[in-house]
Amino acid sequence: MAKILLVNGSPNVHGCTATALDEMKAVFEKNGVETETLWLGKKPVPDCIACFKCQQNGKCVFDDQVNAVHEKIDEYSGFVFGSPVYYGGPTGRLTSFMDRLFFSVPGEKFAGKLAASVVSCRRGGATSAFERLNQFYLMENMIVAGSQYWNQVHGHTPDDVRKDEEGLQTMRTLAQNMTWLLQNIGAGRANGVCPPEYEPKTFTDFI
């Protein structure tokens, strides 16, 4: 069975971001896609310190939720990372988590898997936060799912978000699109369609 990890990067476990993710979760589960929700909590999340220990030890030097996800990475068919908007960007907590996760996990573990971003704002800054999160997937050969609009909801409280009919519909459509993509990937593999075979990565460093 396909499984999607929903990561809530808000400090509020039942806030606006969770409301958007829950809308997606209901669609996934209705269509037989298993979900797991990870709330990053309120405690600080260490930044990546470029120590490169993960390249030697196979995991991040900071043993927290990053390594917990790393250990289960093969279980997930796709990911949704959600964040409130802080000054036009996602939370530092979420980007620190993603910096370390995407750096410490080998790229082939993400390649070919689905990814999507969800952002929540009171009024503005949603598209720049949305763009920032998408950069992670576009470097790892992931399949980035879209919806009928940018994946954003608006409101100051969860009750406000529940009134954002277009935003919630965008969440449901996103989950439907991800479900459809998962079905197509599964059908392709069942019929012998193999994923791409990539060349070894070339890094151009001007030194």
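Residues numbered from 1 in each chain as written. Predicted model: local features only at pLDDT ≥ 70, side-chain atom pairs only at ≥ 80, totals over all residues. Heavy atoms only, no water.

1. Re the overall build of the chain
- The helix and strand tally for the chain stands at seven helices and six strands.
- A globule of 207 residues ought to have a C-alpha radius of gyration of about 17 Å, and the chain, at 17 Å, matches this closely.
- Referenced to the eigenvectors of the C-alpha coordinate spread, the extents of the chain come out at roughly 50 × 45 × 30 Å.
- Looking at the chain residue by residue over its 207 residues, the buried ones come to 44%.
- Once local pairs closer than 6 in sequence are excluded, the contacts in the chain between residues at least 24 apart make up 76%.
- Split by element, the accessible area of the chain, about 11,400 Å² in all, is 52% carbon and sulfur.
- In the chain, 20 side chains carry a positive charge and 23 a negative one; their mean positions are 5 Å apart. (Helix = DSSP H or I, 4+ residues; strand = E, 2+ residues; numbered from the N terminus. Rg over C-alpha atoms; globule rule 2.2 N^0.38 Å. Buried < 20%, exposed > 50% of the residue type's maximum accessible area, 1.4 Å probe, protein only. Contact = heavy atoms within 4.5 Å. Areas by Shrake-Rupley, 256 points an atom, 1.4 Å probe, with all protein chains shown as cover. Lys, Arg positive; Asp, Glu negative; His and termini not counted. Charge placed at Lys NZ, Arg CZ, Asp CG, Glu CD.)

2. A short note on the packing of aromatic side chains
- According to the stated counting rule, one finds 10 aromatic pairs in the structure shown.
- A ring pair is formed by F52 and F103, whose centres lie 5.5 Å apart and whose planes are at 75 degrees; its orientation type is edge-to-face. Note that F52 is positioned in the loop between strand 2 (34–39) and helix 2 (53–57) and F103 in helix 4 (residues 92–104), a separation of 51 residues in sequence.
- Classification of F52 as partly exposed rests on a relative accessible area of 44%.
- The class of F103 is partly exposed, set by a relative accessible area of 34%.
- Note on Y76 and F79: the rings are 5.7 Å apart at their centroids and 65 degrees apart in plane angle, and the pair reads as edge-to-face.
- You can call F79 buried: its relative accessible area is 0%. (Phe/Tyr/Trp six-rings, centres within 6.5 Å; stacked < 30°, edge-to-face > 60°.)

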